[in-house]
Structures are given as C-alpha cells and as structure tokens.
Amino acid sequence: PHGLYAVGCLAAARLLEAVRLAPMLRPVWPHAATLLLTPVPWVRTLLTLRSDGQEDRALQRSWLMFWVLWASAQLLSEALALLPFAARLLPAQALSLDSPSAAPVLFCAAAWLHLPHSGLPLLYSLVGPVLAARAQRLSDALPALPAGVSAQIGLVLRLLLPAGLYAALAQTAQEGWLLLAAALCLCTPYPLTAYTLLYWSVCHPALRSVEALEAQRHGAEAAADAAFATQVQLRYWLLHCAVSAVLQQLPWLLWLPFSTHGQLVLAVWLQLPYFRAATLIAIRLTPVGRVLLRYIG
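Described in the following lines is the structure provided in the data block. Predicted, not measured: the structure shown is a model, and the values here were computed from it.

Section: the overall build of the protein
- Secondary structure assignment for the protein yields 14 helices and zero strands.
- Within the span of the protein, comprising 297 residues, buried residues form 33% of the whole.
- Contacts spanning at least 24 positions in sequence make up 73% of the contacts within the protein whose residues lie at least 6 apart.
- Accessible area of the protein: about 17,900 Å², with a carbon and sulfur share of 71%.

Okay, here's the thing in structure tokens:
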C-alpha cells in the first residue's frame, strides 16, 4: 500500500501539470502542508488526552511517535539553518520545510502519516532506534555513582526518610543534572545559546519521548509509568507548538534582550520532572480545548 500511495501521488502531480493546475496550487501547498504537520496533529493529540482508556493510550502512543518524527524533521531543518555560512553553501529550499519545492512532498508525507495504516510505526521504526541509541550513549556519558553505591544509599534513605520525602528527593536528584547543564548553557553567548536552545527544546524532549515509548514494552508496572510519561511528553509538545505559534505571530518578541535565554529557561522549566510543569499547565488547557472542539464539531 505504501508503494501504491507513492505512485498515486506521482500520478496526481503529473495530472496537475497536464491540466495546468500546478501553478495555481503552488501557493497553497505550503499552507496545506503546515496545516497537516502541526495544527491538525495538535488538535487530535489534545483530543486523545481527554481520557485514559486502553484505546486512548494506544492513540497517545501513536501520536507521540508522530511528534518524535516531527521533532526530528524540525531538528534537522533548524540545525542546517544554524550552521555557519549555510545560506551560501546550501540552497534556500534545503534550509526550510516551508519552501515551495518541499511543500508538495511534505503534504503527501503528512497525509500518508494521517492515513489509518502502518505508515507511522514503519517510519518510526527507522528513526526511533537511532534516537534510542543516542539517548543511551548520552546517559552513559553522564557522570553517575557506581550501581552498588547508589543502591546502598537508596536503601539507607528509604529506612531513614518517609516514602513521600524519599520520592521527592529522588525526583530532585534526577533533575539536578538537567538544571546544572541548563545553567551552564545560560552563561554562554547568543550563538552558542541558539544551539543549546535547539537541544533543550527539541532534541532532549524527543529523546525522552523515545524513552517513554520504549519503556511501555517492559512489564505492566513499567507500562503504567511509561503511559504517564507518554502523556507528560505529549503535553510538552502541545505547549511547545503553542509557544512557537505565539512567537511566529509576534516576531518582535524575538528582538527583546535575552529572548533566546528566556526561551531556554521556559523550555527547561517545562521539562522538570519534579514540578511537572507541562502536565500542570496542559491539564488546564484540555477542558478549554474540549469546549472549543464542541463548538467546532
């Protein structure tokens, strides 16, 4: 079916060229591709978060796969745009996902991902393992106590502290390296902060999303925790897209002093596992989304 879909898209492109409709549709393709790549998935993801049944969890898993692929495409495009002299070395079409030449291809690819078939898991199976390997390498590169020492410390703390306080301390320790790395990035000048912002706002959440997807394959208890992590990551992507839309509509905000550093602080704050900022904010957005969608549909 995937090959037939590709052949159908090529045949439709040839037909549009033959009937001379291609020039008329050329300005429409970027808007249509953008609609299928961000607003439509945003709304459909918001709908899947309204309940927590088995069917909804399966849909949440599928949409998290979509956002991992979306983040990978955004990461590649923005990383190319941040390269020094990229505008001179590469054509403009290669630096933007909204270029007229790339828009028809992106529209067909986005429509293919929305179709009810195995296209989304198939594409994720190509990208997901690569990101999972990168996440494991990053985890191995971070400094950590030996497994025996950390286990002994954990046992002593469990005996001395209440369960709630121990859980809070464990979560705080998990986010400690995140805060330390982000604080170091805030001390860098703008050119380096732009790269670190790309990592903390797109790459790091994509790696955490892959970890949540992979964790659902291990046991019932791990699957329950992974389902909650999946919902947290989905809410982060909803907020990330909302913030990006606001910045696109109000570009003067990017000209404010230390705007890049402010975006970095916001991106890191939304990912702190102890505060669950993304979850707390997006839970308030979900009922609003239901009311709006009730009037729309």
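Concerning the packing of helix H1 (residues 2-18) against helix H7 (residues 103-114)
- Across the interface, H1 lies against H7 with an axial gap of 11 Å and an inter-helix angle of 145°. When you trace H1 past H7, the crossing you get is right-handed. Together, His-2, Tyr-5 and Cys-9 of H1 and Cys-108, Ala-111 and Trp-112 of H7 make up the contact between the two elements.
- Within the contact of H1 with H7, the residues separate by chemical class into five nonpolar, one polar and no charged.

Remarks on helix H11 (residues 190-215)
- Over its 26 residues, H11 extends 36 Å from the first C-alpha to the last, a length consistent with the 38 Å expected when each residue adds 1.5 Å.
- A bend of about 35° at Trp-200 is the largest found in H11.

Observations regarding the side chain of His-240
- Relative to the helices and strands, His-240 resides in helix H12 (residues 220-249).
- Sequence-distant contacts of His-240, that is, excluding residues within four places in its chain, are made with Trp-70, Ser-201 and Val-202.

A short note on the packing of aromatic side chains
- Across all of its chains, the model carries seven aromatic pairs by this definition.
- Considering the side-chain rings of Trp-29 and Phe-107, the 5.1 Å spacing of their centres and the 55° angle between planes classify their relative orientation as tilted. Of the two residues, Trp-29 is situated in helix H3 (residues 28-37) and Phe-107 in helix H7; the sequence distance between them amounts to 78 residues.
- The partly exposed category is assigned to Phe-107, whose relative accessible area is 24%.
- Taking the centre distance of 5.5 Å and the plane angle of 75° together, the rings of Trp-63 and Phe-66 count as edge-to-face.

So, how was this worked out
- Residues numbered from 1 in each chain as written.
- Predicted model: local features only at pLDDT ≥ 70, side-chain atom pairs only at ≥ 80, totals over all residues.
- Heavy atoms only, no water.
- Helix = DSSP H or I, 4+ residues; strand = E, 2+ residues; numbered from the N terminus.
- Buried < 20%, exposed > 50% of the residue type's maximum accessible area, 1.4 Å probe, protein only.
- Contact = heavy atoms within 4.5 Å.
- Areas by Shrake-Rupley, 256 points an atom, 1.4 Å probe, with all protein chains shown as cover.
- Axes fitted to C-alpha atoms, helices over the stretch in contact; angles between N-to-C directions.
- Left-handed = near helix turned anticlockwise from the far one by under 90°.
- Nonpolar A, V, L, I, M, F, W, Y, C, P; charged D, E, K, R; others polar.
- Expected span 1.5 Å × (residues − 1).
- Bend = angle between axes of the 7 residues up to and from the residue.
- Phe/Tyr/Trp six-rings, centres within 6.5 Å; stacked < 30°, edge-to-face > 60°.

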